[in-house]
There are 2 protein chains.
Amino acid sequence: MAKSNAPITEHLAYLLAQANREINRQLELRLSKEGVPVEQWRILKVLSDGNGHSMGELADAVLLNHPTLTKMIDRMVSDTLVYRVQDPNDRRKVLMFISDRGKVLCKKLNSLAVDQEEHILESYGDKSTSELKRLLESLIDSSN
Amino acid sequence: MAKSNAPITEHLAYLLAQANREINRQLELRLSKEGVPVEQWRILKVLSDGNGHSMGELADAVLLNHPTLTKMIDRMVSDTLVYRVQDPNDRRKVLMFISDRGKVLCKKLNSLAVDQEEHILESYGDKSTSELKRLLESLIDSSN
DNA sequence: CTTCAATTCTTGAATATTCAATATTTTCCA
DNA sequence: TGGAAAATATTGAATATTCAAGAATTGAAG
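Let me sum up the structure you'll find in this document.

How each quantity is defined
- Residues numbered from 1 in each chain as written.
- Chains lettered and ligands numbered in written order.
- Predicted model: local features only at pLDDT ≥ 70, side-chain atom pairs only at ≥ 80, totals over all residues.
- Heavy atoms only, no water.
- Helix = DSSP H or I, 4+ residues; strand = E, 2+ residues; numbered from the N terminus.
- Buried < 20%, exposed > 50% of the residue type's maximum accessible area, 1.4 Å probe, protein only.
- Contact = heavy atoms within 4.5 Å.
- Areas by Shrake-Rupley, 256 points an atom, 1.4 Å probe, with all protein chains shown as cover.
- Lys, Arg positive; Asp, Glu negative; His and termini not counted.
- Charge placed at Lys NZ, Arg CZ, Asp CG, Glu CD.
- Phe/Tyr/Trp six-rings, centres within 6.5 Å; stacked < 30°, edge-to-face > 60°.
- Expected span 1.5 Å × (residues − 1).
- Pairing = 2+ DSSP bridges.
- Least-squares fit on C-alpha atoms with pLDDT ≥ 70 in both.

With that settled, consider the overall build of chain A. Of regular secondary structure, chain A possesses six helices and three strands. Reading chain A from its N end, one meets helices and strands in the order α-α-β-α-α-β-β-α-α. Expressed along its principal axes, the backbone C-alpha trace of chain A runs to roughly 55 × 35 × 25 Å. Taken over 144 residues, chain A has a buried fraction of 47%. When contacts within chain A are restricted to residue pairs at least 6 apart in sequence, long-range pairs at least 24 apart make up 49% of them. Accessible surface, chain A as shown: approximately 7600 Å² in total, 48% of it carbon and sulfur. Side-chain charges in chain A split into 20 positive and 21 negative, and the spacing between the mean points of these groups amounts to 3 Å.

As structure tokens, then:
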């Protein structure tokens, strides 16, 4: 039986929040070299497969809700990193595509992100990292 | 060497964000029965040791930055869940304390949170959970 | 002792996020 | 077919968060 008076630091929800915050902060720091928030990097990365992705699909993939995504995409369209195309098969949908400028930026961001992953591998260890990834994936699976 | 064209779903930062989002969503759902956001539960839990905690200390512990915490505490003071006392030893500081009403609420929230942890233990497994916690703690450690 | 830098917390303006409502298109079924 | 219900995206108002500046106190160095 779980103890209700356990300190907050023993709760899984808290540990996840803390780890997420820390890793995200580090990543943010790297990406700020290009002046891009983490969410925009995620968007570019998802779109960089060259296929069109609907807003709903994107929102799921990048962990943002619809209105927030719409407004972020507005900014990225202004910056000509991505562009909208009406889906010809279902005109309720908008398909998002990455622009050439977006691709160039995405490459730079990818290498900044890889820097970070390598930094984690060094200080945290190869084995721990892959084990942690495995456990996180399985936690996410078991939550659906 | 990490691959820069790896899908976003393979990045540790993304897996952490996804897991955190999901677990937090579940916890939020439970706590909403008492109409309390997760951050307020954390605050109450930290203060429930009965000691006075300064705002800076609290902000660290509950993963909020100072201005956000100040405004959240303002609301909680209005709800008479916590109260401020000027630190007699250092009058720059404010010490936060939990009220009796806060303690009662905290107990209810604790049991809702324990419900969730038990639900996770069931679907995810005892072993995986403790192993994941261990790895997260060590990741957090290695990031400081 | 006094003055200047550092610490702690709060405030106000700028920014971002969220909720609810809206517009459009598609799906379904009677 | 016709029309109601569902799906998709956006908008606008309400709310929350953040950044930069400010006020108060302490520490520390000359």
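A word on the packing of aromatic side chains. Residues and elements named next belong to chain A. Scanning the model with the defined rule gives two aromatic pairs over all chains in all. Ring centres 5.7 Å apart and planes at 20° place the aromatic pair Tyr83 and Phe97 in the stacked group. With a gap of 14 residues between them, Tyr83 in strand S2 (residues 82-86) and Phe97 in strand S3 (residues 94-98) connect regions that are remote in the sequence.

So, on to helix H1 (residues 12-31) of chain A. Between its first and last C-alpha, H1(A) extends 28 Å over 20 residues, near the 28 Å set by a 1.5 Å rise per residue. A large share of H1(A) lies buried, amounting to 14 of its 20 residues.

Attention now goes to the pairing of S3(A). Residue and element names in this part refer to chain A. The buried fraction of S3 is high, at four of five residues. Inspection of the sheet shows strand S1 (residues 53-54) paired to S3 by two bridges, in the antiparallel sense. Looking at the pairing, His53 lines up with Met96 of S3. Where S2 lies against S3, five bridges are found, and the strand directions are antiparallel. Pairing of Arg84 across the sheet is with Met96, part of S3.

Another point: the relation of the copies chain A and chain B. Placing chain A over chain B gives an RMSD of 0.1 Å and needs a rotation angle of 180°, together with 0.0 Å of translation along the axis. Accordingly, the operation relating the two chain copies is best matched by a two-fold axis. Both copies present the same face, since 100% of the interface residues in chain A are matched by interface residues at the equivalent positions in chain B.

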